[in-house]
Number of protein chains: 2
Amino acid sequence: MEVDAINNDYFKSYEDLETHKLMLKDNTRNAAYREAIFNSKRDIEGKVVLDVGAGSGILSVLCAQAGAKKVYAVEASGMFKLALDIVRENNVEDIVQVIHSPIEKVTTAQIPEKVDVIVSEWMGFYLLHEGMLDYVILARDRFLKPNGLIFPESATIYAAPCSVPSIYKNWENVSGVRMESFSRLLREQSFKKPLTEAICPDSLLSEPEVVSWIDLREVTTEDLNEINLRHVAVSKKIDTYEGVCLWFSCCFPIPTKPSNLEPVTLSTAPDEPETHWKQTLIVLPNSMKVEVGSPICYDLSMTRSSESFRRYVLELTMLDPEEIEHPEFCSCFMTKCILVNAMLEKYERGEGDGAE
Amino acid sequence: MEVDAINNDYFKSYEDLETHKLMLKDNTRNAAYREAIFNSKRDIEGKVVLDVGAGSGILSVLCAQAGAKKVYAVEASGMFKLALDIVRENNVEDIVQVIHSPIEKVTTAQIPEKVDVIVSEWMGFYLLHEGMLDYVILARDRFLKPNGLIFPESATIYAAPCSVPSIYKNWENVSGVRMESFSRLLREQSFKKPLTEAICPDSLLSEPEVVSWIDLREVTTEDLNEINLRHVAVSKKIDTYEGVCLWFSCCFPIPTKPSNLEPVTLSTAPDEPETHWKQTLIVLPNSMKVEVGSPICYDLSMTRSSESFRRYVLELTMLDPEEIEHPEFCSCFMTKCILVNAMLEKYERGEGDGAE
């Protein structure tokens, strides 16, 4: 009954098996890749594809189904055996070649050519957590032909201040019992370790801001060492500011003309169907009341951990709205922004230069 | 970011905190206890209550709110500190006395009297897993007055054969890719370790059978050492038999007259609102087609583990319908049952004794 070891060597642990189950059950994820690959059939047919971190081999099979001439499915873990089975099960063993190797150690004997297309599902929580983007960059630089395609081609990280009912409000009354003391423990914990949680779109206090837009055709490993955002969000409602919500979306390449098909986007936003990535919440140690127009100012940084380049340290710093510069056309209710906006409007109407 | 230790001593680990969060978020659970306690206000008002394994203290606070004169909240873990905070937060510190001790080591100095009521939330997955029922029995025998009340008063374990789409059918086509190889890995794993999963009521193949009915007023620790069921279920649909689904319900005491209030039941059945217990699934290594009337015969045993008395080993043995005796009035489609039923009906009509 209490078996933690698993008697196959596909997975290192029971948790590992569960993680893959969770990912493969994520139909939003699977369907986005399938649609993107099939919408780009013209760009894949007869071409050579490299699947970076192939896992179960699902993306390699999809590319073979879409007409690829050859797919190199590179997988470093014991999962490569599962990929072998799944490739055979789908009768694409003549097209898909599973390579059991870390991508950085693949030899030219194993992949003796440049590839037309790279596919990879490398995204982690808030995009970068435990992400494999560095490996995709490495594979791109080494194996991708000039103007080759990358699935997905770009990724965007978003942030928005939010309320976090699961940490705050829900504990004010638990079947008639006040549990503020438990809420406090959860806050202490989640300030140290961001939450992975599906949040209701109503919990967002403002429009989202882009933290980073990453073009996979050009991004370098160094670009990913540190990502910073300073933002003045403006609350659109009366609520409590309790944290910052992070999510991401990925864009797949625009299918070659004459196809009329749209490029596919895989979004993990709160108002999109839930994925296994859910959203990431950085929770504040104390809540703060906001009104319509309240400025919510913060610095957000994502810095590669010095201990492991695959991990990131997220830091959220609350800023005093009085002390930092607000952007032009800031719609917050502070006198300085109302005055500046009035001035700017006046200039726009041509009244500012004393022309009257 | 990657903090596993938590810098308070309420919980042993981050997982421990998450487990309590999950339980306290289970509103079906909380609401059932609240309703049962408040429906029995007449039986609690002015009385002495013992809360076995008080955890956060939520049940103790509810009993105090319902008018208990005194509540002993016994908690062995570091959680007792949270219980102290929550008791204070709800202004019932004059009524609830938190005792930091395993129940079996509580001294007569700590609880110098017999109690009128025991409350406890001791139920684990499939009722008995990691359960604390033995501790409730111990507390009952030592502290409960004759005819004292126990919340809940009884518990029933149910079983029904079922299909398990999450292990079988869902892997036949994952966005156009066959993943039978992954399904096989999941089956290997789940045959060793039962799944905790919310199953759709449609997945049940037959009516449920009672595995065990446990009367908390009388049950002994020995009664819980081994629980066995031999059952001939009859499929009510065309489907695949892929496992056995287990769940439980708990009944709270009947409120004292003249109250017209019904006793409360907390059910974790597939057709009831989901709880954190979900259902427990024992998965077969291979699926088996069934039709309307197919007999599904199995032995199910729950045996206390020799390594730890708080753990159980679940065993499911499939039996050959040809070889075992079916119950009277078995509605399966086998010739022997059809013949026996015809005979029994004939006797019932008074035709069997040749009276005509």
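Values in this document were obtained by computation on a predicted structure and should not be read as measured data.

(A) Representation of the pairing of strand β4 (residues 115–119) of chain B. Residues and elements named next belong to chain B. Burial of β4 is extensive: five of the five residues sit out of reach of the surface. Pairing of strand β1 (residues 48–52) with β4 involves three bridges; the strand directions are parallel. When the sheet's bridge partners are listed, Asp-51 is paired in β4 with Val-119. Sheet analysis places β4 next to strand β5 (residues 144–151), joined by four bridges and oriented parallel. Of the residues in β5, the one forming a bridge with Val-117 is Leu-149.

(B) A look at the nonpolar core. In terms of nonpolar packing, the biggest core is built from 218 residues, with Leu50(A), Leu50(B) and Leu128(B) touching the most fellow members. Those residues in contact with Leu50(B) that lie beyond four places of it in its chain are Tyr72(B), Val74(B), Ile103(B), Ile111(B), Val115(B), Val117(B), Ile118(B), Val119(B), Ala139(B) and Phe143(B).

(C) Looking closely at the confidence of the model for chain A. All names here are of chain A. In the predicted model, chain A carries a mean pLDDT of 92, and 95% of its residues have values of at least 70. The low-confidence segment residues 1–7, where pLDDT is below 50, has 25 contacts with residues more than four positions distant or belonging to other chains. Model confidence for the complex is summarised by a pTM of 0.91, with the ipTM given as 0.91.

(D) Representation of the pattern of salt bridges in the model. Enumeration according to the criterion identifies 32 salt bridges over all chains in this entry. Between Asp116(A) and Lys145(A) there is a salt bridge, and its shortest N-O distance comes to 2.8 Å. Highlighted residues: Asp116(A) in strand β4 (residues 115–119) and Lys145(A) in strand β5 (residues 144–151), separated in sequence by 29 residues. Its relative accessible area of 15% is what places Asp116(A) among the buried residues. Its relative accessible area of 33% is what places Lys145(A) among the partly exposed residues. Of the charged contacts, one joins Lys237(B) and Asp239(B) as a salt bridge, the two residues approaching to 3.4 Å between their closest N and O atoms. Residue classification places Lys237(B) among the partly exposed positions, given a relative accessible area of 22%. Overlapping salt bridges bring together Asp85(A), Arg88(A), Arg184(B) and Glu188(B) as one network.

(E) Focus on the packing of helix α7 (residues 180–192) of chain A against helix α5 (residues 80–89) of chain B. As a packed pair, α7(A) and α5(B) sit with axes 8 Å apart at the nearest point and diverge in direction by 135°. Looking at the two axes, α7(A) sits oblique to α5(B). For the pair α7(A) and α5(B), the contacting residues are Glu180(A), Ser181(A), Phe182(A), Arg184(A) and Leu185(A) in the first and Leu82(B), Asp85(B), Ile86(B) and Glu89(B) in the second. Its residues assigned to classes, the contact of α7(A) with α5(B) shows four nonpolar, one polar and four charged.

(F) How the structure looks around the relation of the copies chain B and chain A. Superposition of chain B onto chain A requires a rotation of 180° combined with a translation of 0.0 Å along the rotation axis, giving an RMSD of 0.0 Å. The relationship between the two copies is best expressed as a two-fold rotation axis. Within chain B, the C-alpha atom positioned nearest to the axis of rotation is that of Glu15(B), 6.8 Å from it. Here 100% of the contact residues of chain B are again contact residues in chain A; the copies associate through an equivalent surface.

(G) Structural detail: helix α2 (residues 27–39) of chain A. Residues and elements named next belong to chain A. The first and last C-alpha atoms of α2 sit 17 Å apart over 13 residues, in line with the 18 Å expected at 1.5 Å per residue. Those residues of α2 not exposed but buried are Arg-29, Asn-30, Ala-32, Tyr-33, Ala-36, Ile-37 and Asn-39. Buried positions along α2 lie against α1 (14–24), α3 (41–44), α4 (58–65), β5 and β11 (265–267). Measuring from the side-chain oxygen of the N-cap residue of α2 to the backbone nitrogen of Thr-28 gives 3.2 Å; that N-cap residue is Asp-26.

(H) The arrangement of the packing of aromatic side chains in detail. A complete count under the given rule lists 12 aromatic pairs over all chains for this structure. Here Phe151(B) and Phe252(B) contribute two aromatic rings whose centre-to-centre distance is 6.3 Å and whose plane-to-plane angle is 45°, an arrangement assigned as tilted. Of this pair, Phe151(B) sits in strand β5 while Phe252(B) sits in the loop between β10 (239–251) and β11 (265–267), and the two are 101 residues apart along the sequence. Accessibility classification places Phe151(B) together with Phe252(B) in one group, the buried group. Here the aromatic cluster, defined as three or more aromatic residues joined through ring pairs, consists of Tyr33(A), Phe151(A) and Phe252(A).

(I) Expanded view of the sheet that holds β4(A). All names here are of chain A. Strand order in the open sheet formed by five strands is β3-β2-β1-β4-β5, with parallel pairing between adjacent strands. Pairing within the sheet leaves two strands with one partner each, and these edge strands are β3 (96–100) and β5. Sheet twist, expressed as the mean angle between neighbouring strand axes with direction ignored, is 25°. Across the sheet, helix α5 (residues 80–89) touches β2 (70–75) and β3, and the angle it forms with β3 is around 170°.

Cut-off values and rules
- Residues numbered from 1 in each chain as written.
- Chains lettered and ligands numbered in written order.
- Predicted model: local features only at pLDDT ≥ 70, side-chain atom pairs only at ≥ 80, totals over all residues.
- Heavy atoms only, no water.
- Buried < 20%, exposed > 50% of the residue type's maximum accessible area, 1.4 Å probe, protein only.
- Helix = DSSP H or I, 4+ residues; strand = E, 2+ residues; numbered from the N terminus.
- Pairing = 2+ DSSP bridges.
- Core = buried A, V, L, I, M, F, W, Y, C linked by side-chain atoms within 4.5 Å.
- Contact = heavy atoms within 4.5 Å.
- pLDDT = per-residue confidence, 0-100.
- Salt bridge = Lys/Arg side-chain N within 4 Å of Asp/Glu carboxyl O.
- Axes fitted to C-alpha atoms, helices over the stretch in contact; angles between N-to-C directions.
- Parallel < 35°, antiparallel > 145°, perpendicular 65-115°, else oblique.
- Nonpolar A, V, L, I, M, F, W, Y, C, P; charged D, E, K, R; others polar.
- Least-squares fit on C-alpha atoms with pLDDT ≥ 70 in both.
- Expected span 1.5 Å × (residues − 1).
- Polar contact = N/O pair within 3.5 Å; in protein donor to acceptor, adjacent residues only side chain to side chain.
- Phe/Tyr/Trp six-rings, centres within 6.5 Å; stacked < 30°, edge-to-face > 60°.

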